[in-house]
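Structural overview
Here is what each chain is made of, one letter per residue.
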Amino acid sequence: MKNISVIGAGTMGNGIAHVFAQNGFKVTLIDISESALQRGLSTIEKNLDRLLAKEKITEAIKLTTLTNITTSTHLADGVRQADLVVEAATENQQVKLDLFKQIDQAAPAKAILASNTSSISITQIAAATQRPSQVIGMHFMNPVPIMQLIEVIRGYSTSDETTQVIMILSQQLGKSPVEVNDYPGFVANRILMPMINEAIISLHEGVAGVEEIDTVMKLGMAHPMGPLQLADFIGLDVCLSILKVLESGFGNPKYAPCPLLTNMVTAGMLGTKSGEGFYTYTPGSKELTVSARFKK
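Residues numbered from 1 in each chain as written. Predicted model: local features only at pLDDT ≥ 70, side-chain atom pairs only at ≥ 80, totals over all residues. Heavy atoms only, no water.

Inclusion rule: UniProt positions are given in the numbering used here, feature names are shortened, and annotations may be inferred rather than shown by experiment.
Going by what an unreviewed UniProt entry lists, the chain is known as 3-hydroxybutyryl-CoA dehydrogenase and is assigned to Reichenbachiella agariperforans. As its UniProt record puts it under Sequence similarities (unreviewed entry), the chain is described as follows: "Belongs to the 3-hydroxyacyl-CoA dehydrogenase family."

1. Considering the UniProt feature "site: Important for catalytic activity" (unreviewed entry) in the chain
Under the convention used in this document: Helix and strand assignments come from DSSP, with helices taken as H or I runs of at least 4 residues and strands as E runs of at least 2, each series counted from the N terminus. For the exposure calls, accessible area comes from a 1.4 Å probe over protein chains only, and a residue counts as buried if that area is under 20% of its type's maximum, exposed if over 50%, partly exposed in between. The contact criterion used throughout is that any non-hydrogen atoms of two residues lie within 4.5 Å. Polar contact is defined as a pair of N or O atoms within 3.5 Å, subject to the rule that within protein one atom must be able to donate a hydrogen and the other to accept it, and that residues adjacent in sequence are counted only when both atoms are side-chain atoms.
According to UniProt, the feature "site: Important for catalytic activity" (unreviewed entry) maps to H139 in the numbering used here. Structurally, H139 can be placed in strand β6 (residues 135-140). Overall, H139 belongs to the buried group, its relative accessible area being 7%. In contact with H139, other than residues within four places in its own chain, are S115, N116, T117, S118, L149, I150, E151, I153, A188 and N189. Here E151 takes part through its side chain, which lies 2.8 Å from a polar atom of the side chain of H139.

2. Considering the pattern of salt bridges
Convention followed: Salt bridge criterion: a side-chain nitrogen from Lys or Arg within 4 Å of a carboxyl oxygen from Asp or Glu.
Considering all chains together, one arrives at 11 salt bridges under this definition. For E179, the salt bridge identified is with R154, shortest N-O distance 3.6 Å. Of the two residues, E179 sits in strand β8 (residues 176-181) while R154 sits in strand β7 (residues 149-154), which places them 25 residues apart along the sequence. Bridged by salt links that share partners, the residues E45, D49 and K62 form one connected network.

3. Focus: the domain arrangement of the chain
The cut-off we apply is this: Where each domain begins and ends is defined by an automated method or by a domain database. Using a 1.4 Å probe, buried area is obtained as the accessible area two parts lose upon being combined, added over both of them. Each residue is assigned to one class: nonpolar for Ala, Val, Leu, Ile, Met, Phe, Trp, Tyr, Cys and Pro, charged for Asp, Glu, Lys and Arg, and polar for all the others, Gly among them.
Here the chain is partitioned into domain 1 (3-181) and domain 2 (188-294). If you average the C-alpha positions of domain 1 and of domain 2, the two centres end up 27 Å apart. Between domain 1 and domain 2, roughly 570 Å² of surface is buried when both sides are summed, and carbon and sulfur atoms account for 57% of that area. Where domain 1 touches domain 2, the interface holds 0 salt bridges. If you look at where domain 1 meets domain 2, you find 3 residue pairs in polar contact (both at pLDDT 80 or more). Considered class by class, the residues forming the side of domain 1 that touches domain 2 number 2 nonpolar, 4 polar and 2 charged.

4. Remarks on the nonpolar core
Keep this limit in mind: We call a set of buried Ala, Val, Leu, Ile, Met, Phe, Trp, Tyr and Cys residues a nonpolar core when their side-chain atoms join them within 4.5 Å.
Formed by 33 residues in total, the largest nonpolar core has its most connected members in F20, L84, V86, M138 and F140. Broken down by element, the residue count for this core peaks at 6 residues, all from helix α1 (residues 11-22). In this structure L84 touches M1, N3, I4, S5, F20, I112, A114, M138, I166 and L169, once residues within four positions along its chain are discounted. Listed in part, the 29 residues of the second largest apolar core include M193, L228, L246 and F294.

5. Describing the packing of aromatic side chains
Let me state the cut-off plainly: Stacked, edge-to-face and tilted are the three classes for Phe, Tyr and Trp ring pairs, Trp counted by its six-membered ring, which pair at centre distances within 6.5 Å; planes under 30 degrees apart are stacked, over 60 edge-to-face, the rest tilted.
One pass over the full model with this rule turns up 4 aromatic pairs. For the ring pair F20 and F140, a centre distance of 6.5 Å and an interplane angle of 65° mean the geometry is edge-to-face. In this pair, F20 is assigned in helix α1 and F140 in strand β6, connecting sequence segments 120 residues apart. The two residues F20 and F140 agree in class, both being buried. Arranged with centres 5.3 Å apart and planes meeting at 25°, the rings of F250 and Y255 form a pair that is stacked.

6. What about the environment of G185?
With respect to the helices and strands, G185 occurs in the loop between β8 and α8 (188-204). Considered as a pair, G185 and T117 are 68 residues apart in the sequence and their alpha carbons are 9.3 Å apart. For G185, the residues in contact, after removing those within four places along its chain, are S118, S119, R190 and L246.

7. Observations concerning the environment of L99
Residue placement: L99 occurs in helix α5 (residues 93-106). Measuring from C-alpha to C-alpha, the distance between L99 and F140 comes to 19 Å, with 41 residues separating the pair along the chain. Among residues more than four places away in sequence, those in contact with L99 are I7, L75, E87 and A89.

8. Looking at the sheet that holds strand β2 (residues 26-30)
As a reminder, the rule being used: Being paired, for any two strands, means DSSP has found at least two bridges between them. With axes taken as lines fitted to C-alpha atoms, and helix axes fitted only over the stretch in contact, angles between N-to-C directions fall between 0 and 180 degrees.
Read across the sheet, 8 strands follow the order β3-β2-β1-β4-β5-β6-β7-β8 without closing on themselves; strand pairing throughout is mixed. Sheet topology places β3 (69-72) and β8 at the edges, where each strand pairs with a single neighbour. For this sheet the average axis-to-axis angle between neighbouring strands, irrespective of direction, equals 25°. In this sheet, β2 lies alongside strand β1 (residues 3-7) in parallel orientation, the contact comprising 5 bridges. Bridge pairing in β2 places V6 opposite L29.

9. What about the UniProt feature "domain: 3-hydroxyacyl-CoA dehydrogenase C-terminal" (unreviewed entry) in the chain?
Here the UniProt feature "domain: 3-hydroxyacyl-CoA dehydrogenase C-terminal" (unreviewed entry) sits at residues 185-281. Between the end C-alpha atoms of residues 185-281 the distance is 28 Å, and the span holds 62% helix and 2% strand.

If you want it as structure tokens, here you go:
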């Protein structure tokens, strides 16, 4: 594999493009918006500068990484030469199904099609294509350049060959791939999201405050980040979407999202991306302040 196409220049997409390019692959970063592409490239350069400042890469590696990335606002053109297409669009089932139909028509017949979905069925995504054996999940963790795990999800029809190629490729990126089967939430979010939801329920029911809940999990369970801060970091809208997938996929009310989470998303309190969630976020500041809505 030499040519990688990444669809979506947002947080996950630009991180995935960064990692492939830094490891010597030719990457085409695709988005419908030229401004989104430029923001994505700017983020990649800033992240490379951080690695350079920490002496984890050289100036030559930074320049080569940036040189390995080209951009496109046309999906068909962007995937035409791809050996692997990684979709990192918004976590919306219909958006992904529509994208995979288009990718399937434009990408070479030999190309593997991967989704970075964190919860949506790979089997359903694969069914939108004429090559279900070549469709697989590559669930990168955020921030992509730092986090080691790639959750490799086999759909019902994903072939052994496709799985093996992606497992080896993930290792070539310096990552640690873990193979899992296609059930709602896979492994990571099937375990993580109910924990986050329970933390929100605990806040909603007045068991403890935001800082107290996060402190218990950090100090008592050795979590590097409390569940409420992590929810802000992931995006409360993303958390809500995944919980709905779990609830629908299993038909079990235990996965039902807390009403507080639903209300916060409806009100536009999405976490770091909107500037306010369980905490408030000021650009350029690393200080963590509990949202005024949750202060005692």
